[in-house]
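# Understanding the architecture of this molecule
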Amino acid sequence: MKELRSLQDVQNMEVDPGRKLNSATHEEVLAGATTDIYFIRTLEILNATNRSDAVVTAEVFASRPGVLCGIEEAVQLLKTKDVKVWALEEGEEFAQKEVVLRIKGRYSDFGIYETGILGMLASSSGWATAARRCKELAGDRAIFCFGARHVHPAVAPVMERAAIVGGADGCSCILGAKLAGRKPSGTVPHAVMLIVGDTVEVALAYDRIMPTADPRIVLVDTFKDEAEETLRVAEALQDKLTGVRLDTPSERGGVRPGLVREIRARLDQAGYNHVKLFVSGGIDEERMPALMEAGTDAFGVGSFISRAPAIDMTMDIKELDGKPIAKRGRIPGITESLRLKEIL
């Protein structure tokens with residue numbers, strides 16, 4: 001797909017009526033098909049007024065503090081253009097109103113990507129910031145992102161990769177993990193327990209057929225009392241059992257600190273001190289401290305990360321043909337920032 005450069009290009013653009021998904025392809029994003037129409041109108045006006053060669057310096061700043069993510073993706077929109085780019089590093093924390101990205105070049109070369117760049121940074125930074133908050137609370141306990149089911153599949157890998165950039169130790173989405181250079185994390189869902197009909201039978205089958213390097217972590221809240229099921233699984237797998245996962249639904253009160261404390265005590269009393277407790281299901285920053293105090297060793301965090309609000313990003317032109325300029329309310333000229341590094 002060729003890059004959109006005019007209103008005529010937009011008019012001529014056709015959407016295949018047989019396309020399977022509504023999400024944009026890589027080619028459509030790179031062509032500018034996901035931009036706001038007013039950036040195409042801007043190109044028309046610049047061409048009509050002989051200002052298409054105007055060189056600007058544009059800066060992107062954040063509406064609130066957070067963890068930067070999405071820079072690597074945003075650069076893909078700019079790497080074929082004759083522009084210079086400075087940015088903070090992926091995973092760095094930034095302050096409110098701090099400049100996270102600076103671009104210098106002909107506006108007509110990169111202006112159509114403003115929508116895409118801001119969206120990439122806003123969403124990914126929001127997810128990374130939520131993951132960082134969880135990891136800071138967890139300390140040396142592991143955090144895994146289980147949020148793919150809460151977002152459109154087209155952006156699920158973006159979200160889970162962002163969670164890893166923010167500090168998550170892993171994620172369950174296959175493509176998200178691969179993009180982050182990790183192995184996907186996760187064992188089995190309730191579905192297999194229900195179909196097979198017995199937790200211990202599933203645990204034994206898992207141990208028998210899965211790679212020996214994979215940890216044996218078994219879901220224990222499908223049929224019986226969680227403490228009872230935990231001891232049944234521990235007796236069946238003995239030293240092979242790495243941990244059990246508690247995912248008690250809200251209809252039964254969810255996973256409570258008292259439940260975690262009881263299971264930890266019963267495991268220890270039975271000699272299974274090595275078995276870890278993995279907790280998932282509606283985990284957020286408010287629930288984590290009490291669950292950790294009760295004995296939780298690791299968390300699966302889903303919607304707290306996936307529903308994290310995007311961090312609004314704004315792009316402002318601060319220089320025009322080498323001279324300071326800005327709209328009312330903003331200070332003209334390049335913002336001093338010693339943390340920005342030239343990346344393109």
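Look a little higher up for the structure.
Described below are features of the structure shown in this document. (Residues numbered from 1 in each chain as written. Predicted model: local features only at pLDDT ≥ 70, side-chain atom pairs only at ≥ 80, totals over all residues. Heavy atoms only, no water.)

## A few points about the packing of aromatic side chains
Per the stated rule, a full pass over the model turns up four aromatic pairs. Relative to Phe 110, the ring of Tyr 107 lies with its centre 5.7 Å away and its plane at 65°, an arrangement referred to as edge-to-face. Remark: Phe 110 and Tyr 107 occur in helix α5 (residues 107-110); sequence separation between them is three residues, near one turn of the helix. For Phe 110, a relative accessible area of 1% corresponds to the buried category. Relative to Phe 278, the ring of Phe 146 has its centre 6.0 Å away and its plane inclined at 35°; by these criteria the two rings are tilted. (Phe/Tyr/Trp six-rings, centres within 6.5 Å; stacked < 30°, edge-to-face > 60°. Helix = DSSP H or I, 4+ residues; strand = E, 2+ residues; numbered from the N terminus. Buried < 20%, exposed > 50% of the residue type's maximum accessible area, 1.4 Å probe, protein only.)

## Quick notes on the nonpolar core
Of all hydrophobic cores here, the largest spans 56 residues; its most connected members are Phe 299 and Ile 305. Ranked by residue count, the leading element in this core is helix α6 (residues 114-138), at six residues. In this view, Ile 305 contacts Trp 127, Ala 130, Ala 131, Cys 145, Met 159 and Ala 163; residues no more than four positions away in its chain are not counted. (Core = buried A, V, L, I, M, F, W, Y, C linked by side-chain atoms within 4.5 Å. Contact = heavy atoms within 4.5 Å.)

## Notes on the pattern of salt bridges
All told, the structure shown has 28 salt bridges when counted by the stated rule. Across the pair Asp 207 and Lys 240 runs a salt bridge whose closest N-O atoms are separated by 3.2 Å. Here Asp 207 is found in helix α10 (residues 199-209), whereas its partner Lys 240 is found in the loop between α11 (226-237) and β9 (241-246), with 33 residues between them in sequence. Given the relative accessible area of 52%, Lys 240 is considered exposed. Bridged by salt links that share partners, the residues Glu 3, Arg 5 and Lys 81 form one connected network. (Salt bridge = Lys/Arg side-chain N within 4 Å of Asp/Glu carboxyl O.)

## Regarding a nonpolar patch on the surface
A cluster of nonpolar side chains, contributed by Leu 7, Ile 37 and Tyr 38, occupies part of the molecular surface with about 260 Å² of accessible area. Take Ile 37: it is sitting in helix α3 (residues 37-48). (Patch = residues over 30% accessible without salt bridge, like charges linked within 9 Å, V, L, I, M, F, W, Y side chains within 5 Å. Areas by Shrake-Rupley, 256 points an atom, 1.4 Å probe, with all protein chains shown as cover.)

## Focus: the sheet that holds β9
Read across the open sheet, the six strands follow the order β7-β6-β11-β10-β9-β8; overall the sheet is parallel. Each having just a single partner strand, β7 (170-171) and β8 (216-219) make up the two edges of the open sheet. Taken together, the four bridges between β9 and strand β10 (residues 276-280) define a ladder with parallel strand orientation. The partner of Arg 245 across the bridge, within β10, is Phe 278. Strands β8 and β9 of the sheet are contacted by α11, whose axis makes an angle of about 160° with β9. (Pairing = 2+ DSSP bridges. Axes fitted to C-alpha atoms, helices over the stretch in contact; angles between N-to-C directions.)

## Side note on the sheet that holds strand β5 (residues 99-106)
The antiparallel open sheet is built from six strands, whose spatial order is β13-β12-β1-β5-β3-β14. The sheet terminates laterally at β13 (323-324) and β14 (341-342), the two strands that pair on one side only. With two bridges joining them, strand β3 (residues 83-87) and β14 adopt antiparallel strand pairing. The residue of β14 that forms the bridge with Ala 87 is Lys 341.

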